[in-house]
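# Structure assessment
As a plain string of letters, each chain reads:
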Amino acid sequence: MESINVLIVEDNEVQRKVMEFNLSREGYRVRGAGTIDGGMMLMKEHKPGVVITDVMLPDGNGIELLEKLFSIDPELIVIVITAYGTIRMAVDAIKKGAHDYLTKPFEKEELLLSVNQALKGRGNRQDITRYNLIGRSDPIKGILNTIEHIAASNVPVLITGESGTGKEVVARAIHSAGNRQNKPFVAVNCAAIPSGLLEAELFGYTKGAFTGAVNDKPGKFILADKGTLFLDEIGSMDITLQPKLLRAIETGSIERLGDIASKKVDTRIVSATNADLRGLMQKGTFREDLYYRLNVVPLHIAPLRDRKEDIPLLVQHFINEYAHTGRLMMGDEAMDRVVSQPWYGNVRELENFIRRLVVIKGAGIVTVHDVESNLSQSISLHTAAPQEIDESMDEAEKRMILSALDKSGHNRSKAAKILKIPRHKLIYRMKKYGIGPTRDDQKE
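Residue numbers restart at each chain and count upward from 1, following the sequence in its written direction. This being a predicted model, a pLDDT of at least 70 is required before a residue's local features are given, and a value of 80 or more before pairs of side-chain atoms are given or counted; all residues contribute to the totals for chains, interfaces and linings. Computation of side-chain values: all heavy atoms of the structure, hydrogens and water removed.

### With respect to the overall build of the chain
Selection rule: The way it works is that DSSP assigns letters per residue, a run of H or I at least four long becomes a helix, a run of E at least two long becomes a strand, and they are numbered from the N terminus. Contacts are assigned to residue pairs that have any heavy atoms within 4.5 Å of one another. The Shrake-Rupley method, run with a 1.4 Å probe, gives the accessible areas here. Residue values count only the displayed protein chains as cover.
When you go through the chain residue by residue, the secondary structure sums to 19 helices and 18 strands. A fraction of 69% describes how many contacts in the chain between residues 6 or more apart in sequence connect residues 24 or more apart. When the accessible surface of the chain is split by element, carbon and sulfur atoms take 50% of a total near 22,800 Å².

And the structure:
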């Protein structure tokens, strides 16, 4: 095992010596101090990877020490020790970046588990950022911190946020950072599957369970066994199916359609929604008991317009991804214009914008004119703030289709690519809105 430096700041000498002994036996190199000043001296000499500190010290409190430690090493792992009466201070420490807290009295096993999980979380931070969780804003740091805390557990997580904020990205990061990372990650969009078919999709069925069931089929719960099941758009699930999902979560077992026997599954549930589930509960379309089962750990992703400091990092990331290295660069004024855009479609809209910019601009320095030109061509419902939209969804969709057809020279295949939808869906919507046949239908 790699030997890690650990610093313990605890004024109770007996307790400090016990912790030093227990950690040393596990292979850690441990130093101890009884005050903030003593801890800071050892911090500079010892350069620890982990600091364990009491929240109440003779010359101050652990929160003050926490701030001083992070000023030296922002990536430092800090675990705070608290008595029952100072738990509020421990919670404040967590909010300020501490990894965990231990409540006195605690056992040796609790101490070792906390340190081991903290170090595992530090190793996973790079894995997390690979999944496009890119940013330096406080909301993103908060999400990363929460993921590191919960990744190794099996608790359900409910991710909320506007469309395009990256809810599935966060779900995959949770899966990747935990001990299920080598097992399946199975995603189900509950809104994309008709309610009558969703039950069979989730739980599977046996041969003969219904007309057309010619073979046994495993459901998504079985496919995600030992891994993670991501239920996107959970708010759209029909209320008649919700009790069966609730039972599966509570009991860890599922029943296939047509099967009288239940089957145990070990599946972590991560769900997501851009809907107001509390509002749906009040309307009677979402069960309260299911909500609390799914919402054990809530994770909210702030919209991009509320974390503008992340936009330059995301822009550069997408340029690197879609352009050849060094061929395209964003000018300062152009970047300022991109940052000022509200991006009501969030990261997804920004990514699509950069992809289009890369295709059209190709290489060179991106100017404000380039940005303005491509923003004006953006086919999105989000180019105006919600309060400024004075047309219905049908009118807006019809306008988008007509615009895409115009840009594609009335070629339905090309228009479908512009709109990023399958061609058959475009044809369906054209019929729905009475948009006549294109001039080159015969050629497609």
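Following the structure, the description resumes.
### A closer look at the nonpolar core
Formally: The definition of a nonpolar core used throughout is a set of buried Ala, Val, Leu, Ile, Met, Phe, Trp, Tyr and Cys residues joined through side-chain atoms within 4.5 Å. Under the scheme applied here, a residue whose accessible area is under 20% of the maximum for its type counts as buried, over 50% as exposed, and between as partly exposed, the area being computed with a 1.4 Å probe on protein chains only.
Judged by nonpolar contacts, the single largest core of 28 residues is most densely connected at Leu 202, Phe 221, Leu 231, Ile 234 and Phe 286. For this core, the secondary structure elements donating two or more residues are strand E9 (185-189), helix H8 (195-203), strand E12 (228-232), helix H10 (242-251), helix H11 (277-283) and helix H12 (288-294). Setting aside anything within four residues of it in sequence, one finds Leu 231 in contact with Val 188, Cys 190, Leu 202, Leu 245, Ile 269, Val 270, Ser 271 and Ala 272. Counting residues in hydrophobic clusters, the runner-up holds 24 residues, among them Val 315, Phe 353, Leu 357 and Val 358.

### As for the sheet that holds strand E1 (residues 5-9)
Note the following rule: Strand pairing is assigned whenever DSSP identifies at least 2 bridges connecting the two strands. Convention adopted: a line fitted to C-alpha atoms gives each axis, helices being fitted over their contacting stretch, and angles between N-to-C directions are expressed from 0 to 180 degrees.
Across the sheet, five strands lie side by side as E2-E1-E3-E6-E7; this open sheet has parallel pairing. Looking at which strands have only one partner, the edges of the open sheet turn out to be strand E2 (29-33) and strand E7 (100-103). The sheet shows a mean angle of 20 degrees between the axes of neighbouring strands, taken without regard to direction. The strands that helix H3 (residues 62-72) touches are E1, strand E3 (50-54) and strand E6 (77-82); relative to E3, the one it contacts most, it runs at about 160 degrees.

### Focus on the confidence of the model for the chain
Worth spelling out the cut-off: What pLDDT reports is the predictor's confidence in each residue, on a scale of 0 through 100.
Per-residue confidence for the chain averages 81 on the pLDDT scale, and 86% of its residues sit at or above 70. Across residues 123-130, confidence stays below pLDDT 50; counting only partners more than four residues off in sequence or on other chains, it has 13 contacts. This model gives residues 439-444 a pLDDT under 50, and the stretch forms 12 contacts once residues within four places in sequence are excluded.

### Considering the sheet that holds E9
With parallel pairing, five strands are arranged side by side in an open sheet as E9-E12-E15-E8-E16. With partners counted over all chains shown, the strands left at the sheet margins are E9 and strand E16 (297-300), one partner each. Averaged over all pairs of adjacent strands, the angle between strand axes in this sheet comes to 20 degrees, irrespective of strand direction. Relative to strand E15 (residues 268-273), strand E8 (residues 157-160) is paired through four bridges, and the arrangement is parallel. Paired with Val 157 across the two strands is Val 270, which belongs to E15. Lying over the sheet, helix H7 (residues 167-177) contacts E8, E9, E12, E15 and E16, oriented at roughly 150 degrees with respect to E8.

### A look at the packing of helix H2 (residues 36-46) against H3
We count it as follows: Orientation is classified from the angle alone, with under 35 degrees giving roughly parallel, over 145 giving roughly antiparallel, 65 to 115 giving roughly perpendicular, and any other angle giving oblique. Handedness of a crossing is defined here by the sense of rotation of the near helix relative to the far one, left-handed for an anticlockwise turn of less than a right angle and right-handed for a clockwise turn. For this classification, the nonpolar set comprises Ala, Val, Leu, Ile, Met, Phe, Trp, Tyr, Cys and Pro, the charged set comprises Asp, Glu, Lys and Arg, and every other residue, Gly included, is treated as polar.
Between H2 and H3, the shortest axis-to-axis distance is 11 Å and the interhelical angle comes to 15 degrees. The angle between H2 and H3 falls in the class roughly parallel. Read as a crossing pair, H2 and H3 show a hand that is right-handed. In this structure, H2 uses Ile 36, Met 40 and Met 43 to contact H3, whose residues at the interface are Glu 64, Leu 65, Lys 68, Leu 69 and Ile 72. Classifying every residue of the contact of H2 with H3 gives six nonpolar, no polar and two charged.

### Side note on empty space enclosed by the protein
Keep this limit in mind: In the cavity and pocket records, a cavity denotes points on a 1 Å grid over the protein atoms alone where a 1.4 Å probe fits but cannot get out, a pocket denotes an open set with protein on both sides within 12 Å along at least 5 of 7 lines, and lining residues are residues with an atom within 4 Å of a point. Grid points are joined across faces, edges and corners, and a volume is the space filled by probe spheres set on the points.
One pass over the structure, following the stated rule, counts two cavities of 30 Å³ or more. Of the volumes computed, that of the second largest cavity is approximately 40 Å³. Of the residues belonging to the lining of the second largest cavity, the class tally is two nonpolar, six polar and two charged.

### Observations regarding the packing of aromatic side chains
Convention followed: Two rings from Phe, Tyr or Trp (for Trp, the six-membered ring) form a pair when their centres sit within 6.5 Å of each other. Planes less than 30 degrees apart are called stacked, planes more than 60 degrees apart edge-to-face, and all others tilted.
Enumeration according to the criterion identifies five aromatic pairs in this entry. Their ring planes at 25 degrees and their centres at 6.5 Å tell us that Phe 318 and Tyr 322 sit as a pair that is stacked. In this pair, Phe 318 and Tyr 322 are both assigned in helix H13 (residues 311-322), four residues apart and thus about one turn of the helix distant. Judged by its relative accessible area of 27%, Tyr 322 is partly exposed. Geometrically, the ring pair formed by Trp 343 and Phe 353 is tilted, given 5.4 Å between the ring centres and 55 degrees between the ring planes. You can see Trp 343 sitting in the loop between helix H14 (332-340) and helix H15 (346-361) and its partner Phe 353 sitting in helix H15, a full 10 residues away along the chain. Judged by its relative accessible area of 1%, Trp 343 is buried.

### Side note on the pattern of salt bridges
Rules: One speaks of a salt bridge when a side-chain nitrogen belonging to Lys or Arg is within 4 Å of a carboxyl oxygen belonging to Asp or Glu.
Summed over all chains, the structure comprises 15 salt bridges. Across the pair Asp 289 and Arg 287 runs a salt bridge, and its minimum N-O distance is 2.7 Å. Across the pair Asp 310 and Arg 307 runs a salt bridge whose closest N-O atoms are separated by 3.1 Å. Judged by relative accessible area, Asp 310 falls into the buried class, the value being 0%. On the accessibility criterion, Arg 307 (3% relative accessible area) is buried.

### Topic: the packing of H13 against H15
The N-to-C vectors of H13 and H15 enclose an angle of 45 degrees; their axes lie 9 Å apart at closest approach. Classified by the interaxial angle, the pair formed by H13 and H15 is oblique. For the pair H13 and H15, the crossing hand works out as right-handed. Mapping the contact onto sequence places Ile 311, Leu 314, Val 315, Phe 318, Ile 319 and Tyr 322 in H13 and Val 347, Leu 350, Glu 351, Ile 354, Arg 355 and Val 358 in H15. Here the contact of H13 with H15 is composed, by residue class, of 10 nonpolar, no polar and two charged.

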